[in-house]
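Here is what each chain is made of, one letter per residue.
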Amino acid sequence: TEAINRALYELYCRETNTQIRRALYFPAGTYLVTETIVIPSFAKLVGEGADCTIIYLDQSVDISSLTAYVARYGDSLQQTGANIGNNGATPPRNIEISSMTFQTGPETDVFLVEDATQCYFDSVNFLGPYTAADFLATAPAPITPATILSADIAGVRFASTASLVCNTITFDKCRFSGLTWGLNTNQQIGSVTVSNGNFTNLYSGVVLGTGSVVNGGATGFRTVGNLFDGVYAQGIIYDDVSLNVTAYNVFYGVANNFTASTPFWPVIEFGNDNNASINDLFQRTDSAANSFA
């Protein structure tokens, strides 16, 4: 943990001239961390492949002292939360992460995108501890769908302030698996794109605005060209939000409680006007749709 955070600080926090910065390269392997990795503005992290370079939060230690994420954005001084932008620092922006995995255990979210603009994830995995067998387990098994739901573990969450609203964030060719939620937020965000990805072994896939929505929540969120398969409940929920779209996604085993054919939920659920589904494809049969649309 200390080595990675120190390398990020040396490369991206000591020098203000962004034109001379270099990528931080992670050779193939599993990097065990015991605290949150803070990724500063203008950082570029490159692995050797999403299944080859893995940053894994080691929860064999006492996690009570840990912050709540495997990794999160920081400003140009690695400051986070209410301190972002203090001491003349540049808020999170132009951060690029590619070809690596962030993996968590049963008690911690994977990644926090905070106060950020123009940031990109390419071929990145966001992984949790759950398997398909866990979603099929019934009480009194130690892990059941109910315990997965109560664990409330997200692959990605967002945090914004009124002056620093997360916007222009792209997730391309990313995988979300083994979690309660793929992406989940009630925060105000704008122009986030999730494209060409894979959602599997989740309670729900993309969830926006199901709680106390901040300043209208998400707008301009685009879920485009992804594959959803092995999602226990809804694939996509756009609840108390507007101006969001889902398009050209394919939904196979979604919203059927991991059974073969019986539907229990809508595949896509809208809770507000001015959201749209365009050319999405559903494996759900006509007869099944008659009992649950």
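Above this text is the structure in question.
Student: Pulling in residues and values, what's your account of the pattern of salt bridges?
Tutor: Two side chains carrying opposite charge are able to pair once their charged atoms lie near each other. Across all of its chains, the model carries nine salt bridges by this definition. Here Glu10 makes a salt bridge to Arg14, at a shortest N to O gap of 3.2 Å. Here Glu10 falls in the partly exposed class, since its relative accessible area comes to 41%. The partner of Glu96 in a salt bridge is Lys44, and the shortest N-O contact between them spans 3.1 Å. Taken together, the residues Glu96 in strand S7 (residues 96–103) and Lys44 in strand S4 (residues 44–47) connect sequence positions 52 residues apart. Judged by relative accessible area, Glu96 falls into the partly exposed class, the value being 35%.

Student: Go over the side chain of Asp280, please, and point to the residues and values.
Tutor: Topologically, Asp280 is positioned in the loop between strand S22 (275–278) and strand S23 (281–282). Arg222 provides the closest opposite charge to the buried, unpaired Asp280, separated from it by 13 Å. A polar atom in the side chain of Asp280 sits 3.2 Å from the backbone nitrogen of Tyr248. Engagement of the side chain of Asp280 in a polar contact is seen with the side chain of Ser277, the distance being 2.6 Å. Setting aside anything within four residues of it in sequence, one finds Asp280 in contact with Thr246, Ala247, Tyr248, Asn249, Phe251 and Ile268.

Student: Tell me what's going on with the pairing of S4, and back it up with residues and numbers.
Tutor: Residues Leu45 and Gly47 point to one face of S4 and are all buried, whereas Lys44 and Val46, pointing to the other face, are not buried. In this sheet, S4 lies alongside strand S1 (residues 24–26) in parallel orientation, the contact comprising three bridges. Across the sheet, Tyr25 pairs through a bridge with Val46, a residue of S4. Here S4 pairs with S7 via three bridges, running parallel. In the strand pairing of S7, Lys44 is matched with Glu96.

Student: So what's going on with unusual backbone geometry? Residues and values would help.
Tutor: Here the bond from Ala139 into Pro140 is cis, since omega is 10°, no more than 30 degrees from zero. Checked against the element boundaries, Pro140 lands in the loop between helix H2 (132–136) and helix H3 (145–151). The backbone of Gln78 sits at a positive phi, close to 60°, despite the residue not being glycine. Within the secondary structure layout, Gln78 lies in the loop between strand S6 (69–73) and S7. The phi angle at Lys173 is positive, at roughly 60°, despite the residue not being glycine. Note on placement: Lys173 falls in the loop between strand S11 (166–172) and strand S12 (175–185). With relative accessibility at 42%, the residue Lys173 sits in the partly exposed group.

How each quantity is defined
Residues numbered from 1 in each chain as written. Predicted model: local features only at pLDDT ≥ 70, side-chain atom pairs only at ≥ 80, totals over all residues. Heavy atoms only, no water. Salt bridge = Lys/Arg side-chain N within 4 Å of Asp/Glu carboxyl O. Buried < 20%, exposed > 50% of the residue type's maximum accessible area, 1.4 Å probe, protein only. Helix = DSSP H or I, 4+ residues; strand = E, 2+ residues; numbered from the N terminus. Lys, Arg positive; Asp, Glu negative; His and termini not counted. Polar contact = N/O pair within 3.5 Å; in protein donor to acceptor, adjacent residues only side chain to side chain. Contact = heavy atoms within 4.5 Å. Pairing = 2+ DSSP bridges.

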